[in-house]
2 protein chains.
Amino acid sequence: MRADAQRNRERLIEVAHAVFKERGLDAPLDEVARRAGVGPGTLYRHFPTREALHEAIMATWIEEVSAHVEKAMATEGGCREKLLAWFEEYVGLLTRHQGAAAKITASLGCEDSPLRTKCQTYADANESVLTEMADHGMLREGVDNLDVCRLLGGVATMADQSSLEPRDVRPMLDVIANGVLKS
Amino acid sequence: MRADAQRNRERLIEVAHAVFKERGLDAPLDEVARRAGVGPGTLYRHFPTREALHEAIMATWIEEVSAHVEKAMATEGGCREKLLAWFEEYVGLLTRHQGAAAKITASLGCEDSPLRTKCQTYADANESVLTEMADHGMLREGVDNLDVCRLLGGVATMADQSSLEPRDVRPMLDVIANGVLKS
DNA sequence: AGTGAAGCGGAGGAAGTCTCCGCTTGCATG
DNA sequence: CATGCAAGCGGAGACTTCCTCCGCTTCACT
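Overview of the structure.

Thresholds, definitions, all that
- The numbers attached to residues start from 1 for each chain and follow its sequence in the written order.
- Written order decides the labels, with chains lettered from A and ligands numbered from 1.
- In keeping with the predicted nature of the model, local features appear solely for residues at pLDDT of at least 70, side-chain atom pairs appear and are counted solely at 80 or more, and the whole-chain, interface and lining totals rest on all residues.
- Derived side-chain values reflect all non-hydrogen atoms in the structure, with water molecules and hydrogen atoms excluded from consideration.
- Each residue is tested against the molecule or strand, and it is near if at least one of its non-hydrogen atoms lies within 4 Å.
- Pairs of N or O atoms are called polar contacts if they sit within 3.5 Å, as long as, within protein, a hydrogen donor faces a hydrogen acceptor (for residues adjacent in sequence, only side-chain-to-side-chain pairs).
- Each helix is a run of H or I in the DSSP string that is no shorter than four residues. Each strand is a run of E no shorter than two, and both are numbered from the N terminus.
- Amino acid classes used here: Ala, Val, Leu, Ile, Met, Phe, Trp, Tyr, Cys and Pro are nonpolar; Asp, Glu, Lys and Arg are charged; the rest, including Gly, are polar.

1. Topic: the protein's contact with DNA strand C
Taken together, 22 residues are adjacent to DNA strand C, and A:Asp30, A:Arg50, B:Arg2, B:Asn8 and B:Arg45 come closest. Here, DNA strand C places atoms within 4 Å of the protein, and 62% of those atoms are sugar or phosphate. Here A:Arg2 contributes a side-chain N or O atom positioned 3.3 Å from a base oxygen of DNA strand C. Measuring from a phosphate oxygen of DNA strand C, one finds a side-chain N or O atom of B:Arg45 at 2.7 Å. Looking at the surface near DNA strand C, the elements that each hand over two or more residues are α1 (3–23), α2 (29–36) and α3 (40–46) of chain A together with α1 (3–23) and α3 (40–46) of chain B.

Structure below.
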């Protein structure tokens, strides 16, 4: 790739990140192009679809996921406290951009989604936490990772769409934790 | 209201129902107008916003909710079976139209949503079922109706966006039931 | 039949998406 | 350094959808 094209690509990702943060994942793509100082044609050549741009942005988040797992697992207390801390991290990760939670979670079950490989990182992180719970004999029988991811994705989507505060989200996570852990 | 206006209004609701069912709640309103045989101006006079049209359609669903509660509560078995049957009914009601689950649930917490009064019916129905559980001493302490509605709304939204079958939804409802009931 | 108001419809402006193609620019090569 | 050309750019414009405005039609009452 030519050096100028590379520069444009990076600048577009950077600007798109800012625009999507301000105006949600549905923000006009032409504005992304305008603020990046390129024509719409350039944007659409680098990222043929809106999803391609989402994917490029999320790629930068993926690297941070394992740090969030470790942070949650370092929480004081028992399995329940650790699990809830992780659930809060998970929802926080998914609600970084307005509209992202629903898209990310929808891509989990879908083989041919372009986002899937990226989003699998979230599912893998959740699985590692659930495995930790299982190792301590705290996980209920028959609890499936994908189902928990979808439940958390649903909570994140509701939080996103209703602009819920963490204190409004917590009780929902409590219910899920009760449903996931042996009591 | 003039008789012709009344006819147009009813016809618009009928056609919108069909169009939204086929193409989701985001279907072009101009197509609704076209298929109803009226101009866009007529549609927008009767229903100034997309939400007003959604509201008019949902009004016809509201009447059926209590029947669904009764159907679920007539399920063979204990509290858990009844609750799960109701959860399935609830998710089914919310996923009637593509995109409806998220909107309905988002309106629950929002005082000034035009959909709120209609959607409150769903929340009330769920509350009546939870109360039934509580009366049998099966409800965990501190479980809040709005939180359960949001959890179910999240599940319905995921089911909607990922086109999940009932057999894929069931395990998620199991987790919520475990989280809601005493074990 | 006449009349006034209610209602209609479609032209058209605004906003967004996405493509096409003529022009520009980076860079490998002599 | 000069040159050739493929890679890349940008913006005009076609298309879609939303929504409004206003001249014309139709209803309903007398």
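Now that the structure is up, let's keep going.
2. Describing the protein's contact with DNA strand D
By nearness alone, 24 residues border DNA strand D, and A:Arg2, A:Asn8, A:Arg45, B:Leu29 and B:Arg50 come closest of all. Looking at DNA strand D alone, sugar and phosphate atoms form 64% of those within 4 Å of the protein. Side-chain polar atom of B:Arg50 to a phosphate oxygen of DNA strand D: 2.2 Å apart, as the coordinates give it. Elements with a minimum of two residues in the surface near DNA strand D: α1 and α3 of chain A together with α1, α2 (29–36) and α3 of chain B. A per-element tally of the surface near DNA strand D places α3(A) first, with five residues. Split by residue class, the surface near DNA strand D holds ten nonpolar, seven polar and seven charged.

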